[in-house]
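Here are the chains, one letter per residue:
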Amino acid sequence: MKKWNMSALACVVGLTALLTGCGSDKAATGGNAAAGSGQQSGTEQAQPVQIDFWYALGGKNGELIESMVKEFNDTHKDIVVKPAYQGDYYQNHAKVLAAISAGNQPDVTMVEVGSIGAFAEAKALEDLQPYAADTIDRYIPGLLGNSYWKDKLYAIPFNRSTPLLYLNRDMLKAAGLDPNGPKSWEELHEYAQKLTKSEGGKTSVYGFSTPIDIWFYEALVIESGGSILSEDGKQLAINSEAGKAPLEFWTNMIKEGVMKAPPGEKYNAWDVAKQDFVNQKVGMIFTSTGDLKGLSESAKFDVGAAFMPANKEYGAPTGGANLVILAKSPDAEKKAAWEFVKWMTDTPQSIKWSTQTGYMPVTKEAVESEEMKKYYETAPNFEVAVKQLEYAKARPMVPAYKEVQEIIMTELQRAVLNQATADEALQNAVDKSNKLLK
Amino acid sequence: MQKAVVANSANAPLLQQEVAVKAGRLTKVRPYLYVLPALLFFSAFFFIPILYIIYLSVFDWSLLNLEEMEWVGWQNYADLLSDADFHQVLLNTMLFTVATVVLGIGLSFLLALWLNQKRKLVAVVQASVFSPHIISLVSVSMLWMWLMDPQYGLLNALLEFIGLPAYTWLADTKSALLSLVLVSVWKVVGYNTIVFIAGLQSIPKDLYEAAALDRSTRWQTLRRITIPMLSPTLFFLLITNTISSFQVFDTISIMTQGGPVNSTNMLVYYIYEQGMDYYNGGLASAASVILLGLVGLLTVFHFWTMRKRVHYR
């Protein structure tokens, strides 16, 4: 009975997938071709194994991924990786989800670190322990916090980041401020005041701007000595001093008119903040270290990167995405997929990836390599995230966190838009989230 | 010999009878055969999914792992109906639908009355009013987002140019829903107008001539002739517009993603969010069933209230 249900659902989902566009159609035929070659590989070695790789980075970073995949394909004659861009993290997750139930899932994909728990708990991911026994030690331990779920290894760090404070150094110098940026919340507040410019009651330049995003909120909570979840992960712990401080910090600066909360939801707001920064409409923003290359190239001023300013202490969550292998893939594809994952996250690739994007290198060897050290001398901004790693913590990753983080963001927004006090908003978030976390 | 003839002659009508019976059966079956392809299509894509979604809505499940479905009875419905956010979603959907339908039909009716004349300008206006209908809503949404940017957007620049204060558009809970209504109305007006013009032109001219002879005023002509004669068109637009507003998704997904603070979250987007972002398949299915029920009820309600007011010739 259960089985029948499943296959019927798979049919319905499959039909919908076929209807909704040739994109998924293509994926389906790709999957079939891959399955075919997988069966043959036992008898016929000449046929290369095809694997699908879905990624979630557009623009320059996406182009780099494409070119790295091409390099892999050129150097590995027995494996053909077919990369496909699937939109941002949210969109990629949704597409992987639909593909899993329709049975045409990719073999390798990027999963945002906070969602690893949800995917692993649902048994969607392949346990990588047997594959990675002799390679796992090469990765930086601080980046493996979101790789394990219930003591099993499910994900390998790839494009890993922490939030940073980006500075328009020219603007800071012009205002007579230290071009290395503020070190604490008070200083950030003071810098923001000094950088803000108003003309005739209209603000033309804001000192500071950040998307009201869960990731930056997590950073500020850590800096205030708190944590998002209780230790057992069954309760939201933000209705506390440490949870309230960031919200009040933001709302005070917004009321004062020295911080801009960029309009737009989710990554739309990030884009606005970055755009404002490049156009010199704001002096300082929070964004990911992964934006370092892109912002440095498009900005016509001296871009600086600094630690997230401290409240009680320095602190930041790690972020970005890990590479995972899907449990539903056939064995031959899984083996090929592991080769690909191992290669993508190996030292030479990691150095290339890091220096051309701003994401952190993921192997210890890469960080200590001469190449990287030389690069840091010419571009010290790129080392800031690696140094900040000392104070960084893994993101919460219990399965319900996917929904909980949206609840928190909605409530933060409510407070920022003045529809609730900080206390009401946080209490609301706690009440709603605890039902999901139990 | 004799026997054989008898047998033959007896057989012949019998055969004919058989053929007739067979033909009779065939005539009975034939219409079903004709509709079979359509029936199969509708079954595969409408009836079976509808039944199946009702079935799915009583389980707790996620698309990530279909092997573990837990039967929860009406719990999903109970959760939804007691959830304040879902109430907000329903309210948003209602407000959006009423506003879009009233504005969309009202504006296009006025436009159609104006455009239903033979003037030079008319063709140009018709084309430009209709053009939003054929542009992809996704790209249009991105354009509107840019137009509505509170700081650098064209709309606020225009407002300031004519001396009005800047508007918050998508950035505030009070204005975001209205902004989405604006985009939807802009999108739908062209299509409605064309349909109205087609309706207007099919009204027999002799009615107007008779009215003119009777010295009817323009208002009387409109009320007593145009609107009643146009009622089937009006009815058609009312139903299609209501259903499509109920199912709004693209603009939300691109422009607001339900925010700020759920102020633009509507049923279909909510279903997507629950099913695809939060992996709550059961809640998403239950919400889908509620959507189906609401749209069905509304359509029945429309038919019932309009049944006496719609004049078919």
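The rules behind these values
- Residues numbered from 1 in each chain as written.
- Chains lettered and ligands numbered in written order.
- Predicted model: local features only at pLDDT ≥ 70, side-chain atom pairs only at ≥ 80, totals over all residues.
- Helix = DSSP H or I, 4+ residues; strand = E, 2+ residues; numbered from the N terminus.
- Buried ≥ 20, exposed ≤ 12 C-beta atoms within 10 Å, placed from the backbone.
- Contact = placed C-beta atoms within 7 Å.
- Domains from an automatic or database assignment.
- Nonpolar A, V, L, I, M, F, W, Y, C, P; charged D, E, K, R; others polar.
- UniProt positions renumbered as here; feature names shortened; annotations may be inferred.
- Pairing = 2+ DSSP bridges.
- Core = buried A, V, L, I, M, F, W, Y, C linked by C-beta atoms within 7 Å.
- Axes fitted to C-alpha atoms, helices over the stretch in contact; angles between N-to-C directions.

Caption draft 1: Spatial organisation of the overall build of chain B. Helix and strand counts for chain B stand at 12 helices and 2 strands. Reading chain B from its N end, one meets helices and strands in the order α-β-β-α-α-α-α-α-α-α-α-α-α-α. Seen through its principal axes, chain B has C-alpha atoms that stretch 110 × 75 × 35 Å. When the 313 residues of chain B are sorted by exposure, 30% land in the buried category. Counting only contacts in chain B whose residues sit at least 6 apart along the sequence, the fraction spanning at least 24 positions is 68%.

Caption draft 2: Spatial organisation of the domain arrangement of chain A. Residues and elements named next belong to chain A. Looking at chain A, the domain boundaries give domain 1 (2-161 + 320-381) and domain 2 (163-317 + 400-437). Counting residues at the interface gives 17 residues for domain 1, matched by 15 residues for domain 2. Only α3 (59-75), α5 (116-121), β6 (156-161) and α14 (347-357) provide two or more residues apiece to the side of domain 1 that touches domain 2. Of the residues that constitute the side of domain 1 that touches domain 2, the class distribution is 4 nonpolar, 11 polar and 2 charged.

Caption draft 3: Spatial organisation of helix α9 (residues 214-223) of chain A. Residues and elements named next belong to chain A. Along α9, 10 of the 10 residues are buried, which leaves the element largely enclosed by surrounding structure. Taken residue by residue, α9 has Ile 214, Trp 215, Phe 216, Tyr 217, Glu 218, Ala 219, Leu 220, Val 221, Ile 222 and Glu 223 as its buried positions. Phi turns positive, to about 85°, at Gly 225, one or two residues after α9.

Caption draft 4: Representation of the domain arrangement of chain B within the structure. Residue and element names in this part refer to chain B. We note that the domain assignment places domain 1 (2-56) and domain 2 (77-306) within chain B. Domain 1 and domain 2 are separated by 46 Å when their C-alpha centres are compared. In this assembly, 4 residues from domain 1 lie in contact with 5 residues from domain 2. For the side of domain 1 that touches domain 2, the per-class residue count stands at 4 nonpolar, no polar and no charged.

Caption draft 5: The interface of chain A and chain B, seen in detail. Between chain A and chain B, the residue contacts involve 27 residues of the former and 25 residues of the latter. Listing elements by their share of the side of chain A that touches chain B, those giving two or more residues are α1 (2-20), α4 (89-102), α5 and α18 (401-416) of chain A.

Caption draft 6: Up close: the UniProt feature "transmembrane region" (unreviewed entry) in chain B. Residues and elements named next belong to chain B. Taken from the UniProt record, the annotation "transmembrane region" (unreviewed entry) applies to residues 32-55, 89-114, 121-146, 177-201, 221-240 and 278-304. With 100% helix and 0% strand, residues 32-55 has end C-alpha atoms that lie 28 Å from one another. As annotated, residues 221-240 has a helix share of 100% and a strand share of 0%, and its two end C-alpha atoms lie 27 Å apart.

Caption draft 7: Representation of the UniProt feature "domain: ABC transmembrane type-1" (unreviewed entry) in chain B in the model. In the numbering adopted here, UniProt assigns the feature "domain: ABC transmembrane type-1" (unreviewed entry) to residues 90-302 of chain B. Between the end C-alpha atoms of residues 90-302 of chain B the distance is 19 Å, and the span holds 78% helix and 0% strand.

Caption draft 8: Just the pairing of strand β7 (residues 163-168) of chain A, in detail. Residues and elements named next belong to chain A. Counting buried positions along β7 yields 6 of 6 residues, so the element is predominantly enclosed. Alternating residues of β7 divide into Pro 163, Leu 165 and Leu 167 and Leu 164, Tyr 166 and Asn 168, and every residue in both groups is buried. Note: β7 against strand β11 (residues 282-288), 5 bridges, orientation antiparallel. Bridge pairing links Leu 164 to Thr 287 in β11. Alignment of β7 against strand β12 (residues 303-306), held across 4 bridges, turns out to be antiparallel. Counted as the bridge partner of Tyr 166 is Ala 305 from β12.

Caption draft 9: Local environment of helix α11 (residues 267-277) of chain B. Residue and element names in this part refer to chain B. Where α11 is concerned, the buried positions are Leu 267, Tyr 269, Tyr 270, Ile 271, Glu 273, Gln 274 and Gly 275. The inward-facing, buried residues of α11 contact α3 (84-115), α9 (218-246), α10 (250-256) and α12 (281-306). Trailing α11 by a residue or two, Tyr 279 shows a phi angle of about 65°, which is positive.

Caption draft 10: Summary view of the nonpolar core. Residues Phe 119 and Phe 340 of chain A are the most contacted members of the largest nonpolar core, which totals 131 residues. There are two domains that each give this core at least three residues, and those are domain 1 (2-161 + 320-381) and domain 2 (163-317 + 400-437) of chain A. Once residues lying within four places of it in the same chain are set aside, the contact partners of Phe 340 of chain A are Ile 51, Phe 53, Phe 72, Ile 79, Val 81 and Val 108 of chain A. Listed in part, the 45 residues of the second largest apolar core include Ile 105, Val 185, Leu 230 and Leu 291 of chain B.

Caption draft 11: Broad picture of the sheet that holds strand β1 (residues 49-55) of chain A. Residue and element names in this part refer to chain A. Read from one edge to the other, the open sheet built from 5 strands follows the order β2-β1-β3-β14-β6, with strand pairing classed as mixed. The open sheet has two edge strands with one neighbour each: β2 (79-85) and β6. Across the sheet, the mean angle from the axis of one strand to that of its neighbour is 25°, orientation sign disregarded. The pairing of β6 with strand β14 (residues 319-325) spans 5 bridges and is classified as antiparallel. Note that in β14 the partner of Ile 156 across the bridge is Leu 323. Docked against the sheet, α3 engages β1 and β2, running at close to 170° with respect to β2. Sheet contacts for helix α13 (residues 331-344): β1, β2, β3 (108-112), β6 and β14; angle to β1, the most-contacted strand, approximately 55°.

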